[in-house]
Amino acid sequence: MPEQGQQNFADEKNPTKPSTSADAPPAKAPKEDSNNDQAPRKSPHTNALKLSQDGKPKSSDSKQKNQPAGGRQTEEDERDSSHSQDGRARKSPKLNGSNNKKANTTQETFKQRRQDFGGRHNGTAHSKTPNTRADLERIAKGLEKTRMRLPVWLKKTDIRYDLRNHDVLLLHGETGSGKSTQVPQFLYTEPWCAEKRVMVEKEDGRKQEASVGGVIAITQPRRIAAITLAQRVAAEMGEPLSKGSIASRQPGKVGYSVRFDSSVPLGTKIKFVTEGILLQEMLSDPHLRKYSAIIVDEIHERSMDVDLIAGFLRNIVHGDKKGRGGIPLKVIIMSATLDKGGIEAFFAKPETRPDYVPGENYGKVLATHMSEDAVKLNTEEKFNKKPDTEVKGPIGKGNEKNSSQESDAPNESRRSSTDSSFSSWSGFSDSSAEEGSRAQPGTTENGTPSTKSGKADESRERKKTVPEHAPTPKGMIEGDISANGVAWQYIRGRQYEVQTLYEQQPVEDYQHAMAEMILRLHTEEPLPGDILAFLTGQEEIQALQAELEKYSAMLTSNVPRLEIKPLHGSLSPEAQQDAFVKVEKKFTRKVVLATNIAETSLTVAGVRYVVDCGKAKVKQYRPHLGLESLLIKPISKVSAIQRTGRAGREARGKCIRIYTKKDYQSMDQDEKPEIMRCNVIEAVLKMKARGVKDVLTFPFMDSPDVLYMEKALNHLYAMDALDLDGNLTKVGKQMSRFPLPATHGRVLISAADEANDCVLEVIDILSCLNTDSEVFLQPKSEEQQEAMDEGRSDLVRREGDLITLLTTMQQYCSENTNRNHWCERHLVSVRAMKLAMAIRRELRQKAVDAKLLSELPPADPQPFEPISPGKATVVMKTFLKAFIKETAILGPDGVYKTTSGKESIYIHPSSVLQGKRLEAIMFLQHVYTSKCYAKKVSAIQADWVAEQYGI
Ligand SMILES: Nc1ncnc2c1ncn2[C@@H]1O[C@H](COP(=O)(O)OP(=O)(O)OP(=O)(O)O)[C@@H](O)[C@H]1O
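A quick note: this is a predicted structure, and the numbers were derived from the prediction, not measured. (Residues numbered from 1 in each chain as written. Predicted model: local features only at pLDDT ≥ 70, side-chain atom pairs only at ≥ 80, totals over all residues. Heavy atoms only, no water.)

Description of the overall build of the protein
Here is step 1 of the chain: Secondary structure assignment for the protein yields 33 helices and 28 strands.
Here is step 2 of the chain: For the protein, the residues scored as buried account for 62% of the 951 residues in total.
Here is step 3 of the chain: For the protein, the share of sequence-separated contacts (at least 6 apart) that also reach a separation of at least 24 residues comes to 75%.
Here is step 4 of the chain: Of the roughly 36100 Å² of accessible surface on the protein, 49% is carried by carbon and sulfur atoms. (Helix = DSSP H or I, 4+ residues; strand = E, 2+ residues; numbered from the N terminus. Buried < 20%, exposed > 50% of the residue type's maximum accessible area, 1.4 Å probe, protein only. Contact = heavy atoms within 4.5 Å. Areas by Shrake-Rupley, 256 points an atom, 1.4 Å probe, with all protein chains shown as cover.)

Structure, rendered in C-alpha cells:
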C-alpha cells in the first residue's frame, strides 16, 4: 500500500529517514492501493490444484510432468507451454512427488550434503555459537577453500597493488564474486592500513597529535546486510563476534555498527556499518581519522545517504588532508552494477577532468550505472552458452535436446533442456553434477578464462604476487600510475551460474503467479534448494505466506515440507535473521518472502531459486504538495540483475522473472537517485551539520532539483534550524544530533521550552512513532474489530492519535504484571512496544545530554495518570511547530483541505478520528493512493494554525 514514508528509527536504509513500512487497513477499510488494482485475489492453482475428497491434493495428469514451469521463456528460447493464451492458466503442478522412491532413498545423502553445504557456522545466522578459539579457527579453516574459489581471489594482488598506488579504486564485480566479504580481508594487513600517530590540524588551525587510520569501514545500504556480512567475515577469519556491551571489551578483528545494535570488539580492523551510521560518525570525526579506508558497497542503490557520503569522500580525497596529518584516505567503490565511467569522472583528480562538473549528471555522465553492454554481459551472454554447460547438474538432467537447437525455432512447441528441470519433483541433487557445475574462478562455465584479458590477466597475477604483510615487492611500480588517480578492476564471473527464465505472456495478477510459481518450483525441483521470492511489501508477503502455509498443509508426505520465512523492514532484527538460518528439519524447503531489503549484498543460506515479481515500492516527493508517497513501480534492470544475483551463491540456480523478456527490456536502466525524487530536508540538515556552508555547491554526483533544496531550506528556516544567512542555529545543531527525522527533533526541542514543559510526553509519542511497524495491530475480521474496539477503549483519546499513543505508552509502562498479555488484550504489537521502549531509553538519555531534561526520570513502572486536556493541548501545539504544513481545515462540503496546497485529504481508517467532523486536523503522515489519506491525526483548532502562520 503506497503511503507517505513514516518517520522511523529502524528503517533499513537510513535510520533517520521515512520508513517504507506499510500497514494493512482494517477489514472495513477501502481499497487503497491504486497501483495494485487487481482482480480479487485468487488462490494459487485455482486452475490447477485438484483436491481429493479428503482435501488432499490429487496428482495432476501425467502430461503435466513434461511441461516447463509456468511455460517460462528462457533467455534464449521461447516455447509452448502449459500456459493458456493469456499466459496465466498454468496446469497443475504435481503436489505429490513423482519420484518418492528416490526421495526416500536419498534422505541420508541429503543430510550429508546439508552438512557439506556450509555447515552451521558459516557466517549465516545459526543456533549454536562456537565457544573457543580452536572452534573458530576450525570453522575458518573449513571456509578457506570456498573463499579461494571466489572469482575475486584472482584479483587479490591487483587490488592490493592498485591501492598502494591510488587513493580510489572502483571495483566492478558480478554478484557473488566475493567483493563484500573478501576485499576488506585483502586490505587490512596492507602497510597503509596501520594506525599512525601524526600531527593533525584542528578546525581552529591549531595542531595536535592524534591517531589516524587502522580500521576499514564498509558501508551497506541496510542493517541486515551489515550484520550478516560481519558474521560471515568474522567466521572466515576465525574471529569472535559477540553482541552488545561484552563485544566492546573483547578483542576481535571484525565488527559492525547499525542503529540500535553494534558489536565493535577491541582492536577491530574491519567494521561493517550502515550508511547512516557513517554519516553520524562524521559529525564528531569529519576527517574520518579513525579509518584508513572506506569501502562504499552497493553504490548503485544511490540512496540519499550514499550520495552524501560520496560527496564528503570526494572532498577528503581531493582536500589538503591536514585534518588527517597528511595521511590519505583510501576509497573503494564497489557494485555488481557499477556506473564505471560516471563514478570515475566524479572521483578523478579535478585537474585531470576539467570538463567534468559534479552535480548534473543523471541522464548524462552518471547515467547509466551500467552500460547496455555490461547488462548484456551479465544476462544474455551469460545464459547463451552451450546447453550442456547450462543444464548439466542438479537442475537440469542434461540429457535433453539442447537449448540452442530450440532457440533456432523459438515458436515451435517443444521442450528445451532447461524445461526438463521442471518436470517433476524428483528427489535430491546429484553431488557430482553439483561439483561439476561450479564455475572455477577466472573461468567461465565452459572453461575459458573469464577475465577480459584472459591469460594475460593470469600471468599478470603471477607476476604481481604480493605476500601478506610484505612491503611492495620488486617489480611493482610505486606512485600514482593513473593520471586521474582512480584505479579500476573488473571481476568477471560468479561462483555458480544462474539461469534466467521469463513469462511468455504478461501476467494479469503477479501475486497469484508468484504463488503458483513457488509451489511449482517446490513440487518439481530437487532438494536441497531453497526459494527466495521478491514482493513489494509487508501486506503482500503476509498474504502469500498465509496462502502458501495453507497449501503446505495439503502436501502429501512424499513431497518436502515447506517452511515460509518473511523478510522485510518491519520485522525485528531477530525475526529477520531467522530467514537466514538453514533449515534444520529434514525433508523441508525454506521459502523466503522478501521485499527489496534482500535485493543486494545478501547471501541467504540455501537459496538456489529466485522468483522476482519485477516491482518495488518507490518513494516519490511532490514538492507542490509538500508530500511524499510510496508507489508500486516496475523495478530497473539493475535491480533485476541484483535480484537474480541472490541465486547462484552456494550452488547453481535459477531466477524466474514473473514478467516477460519484453517487460525486462522496457525497464529503466536504473533507479533515479533518491536525492532527485525525495524530500531533501534530512540531507540538507546533515550537510549543514557537517559544515557545508553552501549546500547548492556541494559536490553531488547528481544534484537535487533546486526547488527541492529551496523547500528544504525554507522548512528548516521555518523550524528555526537555520538563520537568515543559512547557518545552522543552536536549535538546528541540536536537531541534527538526535537520531530522529528533522521535524521530530524540532518537536522535541520545543517540548523543552518552559512554556511547554512536555519533554517526557513528547518522547513517549516519538518513541511509538519511530518504531519500524505500527504499534496498533489491525483487525483482520469484523469480530476482531469488535474485540479491538472493546479492548482499546481505555487507550483511545478524543484528541486523536498522538495522545492515544501517549496513553498507550504510559499504560504499557505502568503495567507491572505481564506486558505481553497487556499487549494481547489491547491488540498492541509486543515487538513494536519493545522497540519503542528502546528508543524511549535512548531519547531520554540524549535529552539529558542535550540539557532538555535535567535528569533521568524514575524507572518504570510508574502509576498511570491520564494526561489532562490542557496538557494534551500543549503537546499537540508543540507538534504543530514542526507540522504546520501538515494541517487541514474542514470545508463546507465535509472534506478537509490542506492549508498549504488546498488539496482534499481524508482521515485514514486506522485513525481513532476516522469519520469525525472536526474543525481542523494536524496529520504527521499521509498515504497517497486513489485519494490522499491523513494518518496520525490530531484534532486541532483553526486559530492554532492561524497563530502559527502568524495570520
Ligand atoms: N552469510 C553467508 N553464508 C554463506 N555463504 C556466504 C555468506 N556470505 C557470503 N557467502 C559466500 O561468499 C560468496 C561471496 O559473497 P559476497 O557477499 O562477498 O559477494 P559479492 O560479490 O559482494 O556479491 P554482491 O554483489 O551480490 O553483494 C557468496 O556467493 C557465498 O558463496
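Let's talk about the packing of aromatic side chains
Here is step 1 of the chain: Overall, the coordinates contain 8 aromatic pairs when judged by the stated rule.
Here is step 2 of the chain: The interplanar angle of 90 degrees and the centroid separation of 5.1 Å between the aromatic rings of Phe346 and Phe347 together place this pair among those described as edge-to-face. Both residues of the pair, Phe346 and Phe347, belong to the buried class.
Here is step 3 of the chain: Ring centres of Phe698 and Phe700 lie 4.9 Å apart, and the angle between their planes is 70 degrees; on these two criteria the pair is classed as edge-to-face. Each member of the pair, Phe698 as well as Phe700, carries the same accessibility label: buried.
Here is step 4 of the chain: An aromatic cluster of at least three residues, connected via ring pairs, comprises Phe312, Phe698 and Phe700.
Here is step 5 of the chain: Above the plane of the ring of Tyr664 lies Arg657, whose end atom (NZ or CZ) is 4.7 Å from the centre. (Phe/Tyr/Trp six-rings, centres within 6.5 Å; stacked < 30°, edge-to-face > 60°. Lys NZ or Arg CZ within 6 Å of the ring centre and 35° of its normal.)

What about the environment of Val607?
Here is step 1 of the chain: When you line up the elements, Val607 lands in strand S20 (residues 607–612).
Here is step 2 of the chain: Since its relative accessible area comes to 2%, Val607 is described here as buried.
Here is step 3 of the chain: When the C-alpha positions of Val607 and Gln665 are compared, they lie 26 Å apart, and in sequence the two are 58 residues distant.

A word on unusual backbone geometry
Here is step 1 of the chain: The omega angle of the peptide bond from Leu527 to Pro528 is -5 degrees, so this bond is cis rather than trans.
Here is step 2 of the chain: Looking at where Pro528 falls in the secondary structure, it is placed in the loop between helix H18 (510–524) and strand S17 (530–534).
Here is step 3 of the chain: The omega torsion of the bond from Asp860 to Pro861 falls at -5 degrees, within 30 degrees of zero and hence cis.
Here is step 4 of the chain: The topology assignment puts Pro861 in the loop between helix H31 (830–849) and helix H32 (869–883).
Here is step 5 of the chain: One non-glycine residue, Phe587, adopts positive backbone phi at about 55 degrees.

Description of the site of the ligand
Here is step 1 of the chain: The environment of the ligand is formed by 22 residues, the closest being Lys179, Ser180, Thr181, Arg646 and Arg649.
Here is step 2 of the chain: Residue Gly176 places a main-chain N or O atom 2.9 Å away from an oxygen atom belonging to the ligand.
Here is step 3 of the chain: Side-chain polar atom of Lys179 to an oxygen atom of the ligand: 2.7 Å apart, as the coordinates give it.
Here is step 4 of the chain: When the free accessible area of the ligand is taken as 620 Å², the share hidden by the protein chains comes to 97%.
Here is step 5 of the chain: Counting residues per element, the shell around the ligand draws most heavily on helix H5 (residues 179–187), which supplies 3 residues.
Here is step 6 of the chain: Taken together, the residues that form the shell around the ligand break down as 3 nonpolar, 12 polar and 7 charged. (Near = heavy atom within 4 Å. Polar contact = N/O pair within 3.5 Å; in protein donor to acceptor, adjacent residues only side chain to side chain. Nonpolar A, V, L, I, M, F, W, Y, C, P; charged D, E, K, R; others polar.)

Overview of the packing of H18 against helix H19 (residues 538–552)
Here is step 1 of the chain: For the pair H18 and H19, interaxial distance at closest approach is 11 Å and the crossing angle is 40 degrees. By the angle between their directions, the pair H18 and H19 is classed as oblique. Classified by chirality, the crossing of H19 by H18 is right-handed. Together, Tyr510, Gln511, Met514, Ala515, Ile518 and Leu519 of H18 and Glu540, Leu544, Leu548 and Tyr551 of H19 make up the contact between the two elements.
Here is step 2 of the chain: In terms of residue class, the contact of H18 with H19 is made up of 8 nonpolar, 1 polar and 1 charged. (Axes fitted to C-alpha atoms, helices over the stretch in contact; angles between N-to-C directions. Parallel < 35°, antiparallel > 145°, perpendicular 65-115°, else oblique. Left-handed = near helix turned anticlockwise from the far one by under 90°.)

Some words on the packing of helix H27 (residues 759–769) against H31
Here is step 1 of the chain: For the pair H27 and H31, interaxial distance at closest approach is 8 Å and the crossing angle is 140 degrees. Considered as vectors, H27 and H31 are oriented oblique to each other. Taken as a pair, H27 and H31 cross one another with a handedness that is right-handed. In contact with Val759, Leu760, Ile763, Asp764, Leu766, Ser767 and Cys768 of H27, H31 contributes Ala836, Ile839, Arg840, Leu843, Arg844 and Ala847.
Here is step 2 of the chain: Considered class by class, the residues forming the contact of H27 with H31 number 9 nonpolar, 1 polar and 3 charged.

What to know about the environment of Pro354
Here is step 1 of the chain: Here Pro354 shows up in the loop between helix H10 (340–347) and helix H11 (372–378).
Here is step 2 of the chain: By relative accessible area, which is 71% here, Pro354 ends up exposed.
Here is step 3 of the chain: With 291 residues separating them along the chain, Pro354 and Gly645 place their C-alpha atoms 37 Å apart.

Some points on H10
Here is step 1 of the chain: Burial runs high along H10: 6 of the 8 residues are buried.
Here is step 2 of the chain: Contacts from the buried residues of H10 go to strand S6 (168–173), helix H9 (304–318), strand S14 (330–335) and strand S15 (486–491).

Some points on the side chain of Arg797
Here is step 1 of the chain: Its location among the elements puts Arg797 in the loop between helix H28 (782–791) and helix H29 (801–814).
Here is step 2 of the chain: Only 3.0 Å separates the side chain of Arg797 from the backbone oxygen of Ile867, close enough to count as a polar contact.
Here is step 3 of the chain: Residue contacts for Arg797: discarding those within four places in its chain leaves Ile803, Thr804, Thr807, Pro866, Ile867, Ser868, Pro869, Ala872 and Val912.

With respect to the sheet that holds S6
Here is step 1 of the chain: The 8 strands lie next to each other as S11-S10-S12-S9-S13-S14-S6-S15, forming an open sheet whose pairing is mixed. A single partner strand is all that each edge strand has here, and the edge strands are strand S11 (261–263) and S15. Strand-to-strand, the axes of this sheet are offset by a mean angle of 20 degrees, without reference to chain direction.
Here is step 2 of the chain: Taken strand by strand, H9 contacts S6, strand S9 (215–220), strand S13 (291–297) and S14, and its axis lies near 145 degrees from that of S13. (Pairing = 2+ DSSP bridges.)

Some details on a negative patch on the surface
Here is step 1 of the chain: The grouping of Glu782, Glu783, Glu786, Asp789 and Glu790 at the surface amounts to a negative patch.
Here is step 2 of the chain: Inspection of the secondary structure puts Glu790 in helix H28.
Here is step 3 of the chain: Take Glu790: its relative accessible area is 65%, and that puts it in the exposed class. (Patch = residues over 30% accessible without salt bridge, like charges linked within 9 Å, V, L, I, M, F, W, Y side chains within 5 Å. Salt bridge = Lys/Arg side-chain N within 4 Å of Asp/Glu carboxyl O. Lys, Arg positive; Asp, Glu negative; His and termini not counted. Charge placed at Lys NZ, Arg CZ, Asp CG, Glu CD.)

Re the pairing of strand S16 (residues 498–503)
Here is step 1 of the chain: Counting buried positions along S16 yields 6 of 6 residues, so the element is predominantly enclosed.
Here is step 2 of the chain: Bridging between S16 and strand S23 (residues 653–660) involves 6 bridges; their strand directions are parallel. When the bridges of S23 are listed, Leu501 appears paired with Ile656.

Thoughts on the confidence of the model for the protein
Here is step 1 of the chain: Taken residue by residue, the protein gives an average pLDDT of 76. The fraction at 70 or more is 72%.
Here is step 2 of the chain: Within the model, pLDDT remains below 50 along residues 366–480, and this stretch shows 285 contacts once partners closer than five positions in the same chain are excluded.
Here is step 3 of the chain: With a pTM of 0.74, the predicted complex shows an ipTM of 0.98. (pLDDT = per-residue confidence, 0-100.)

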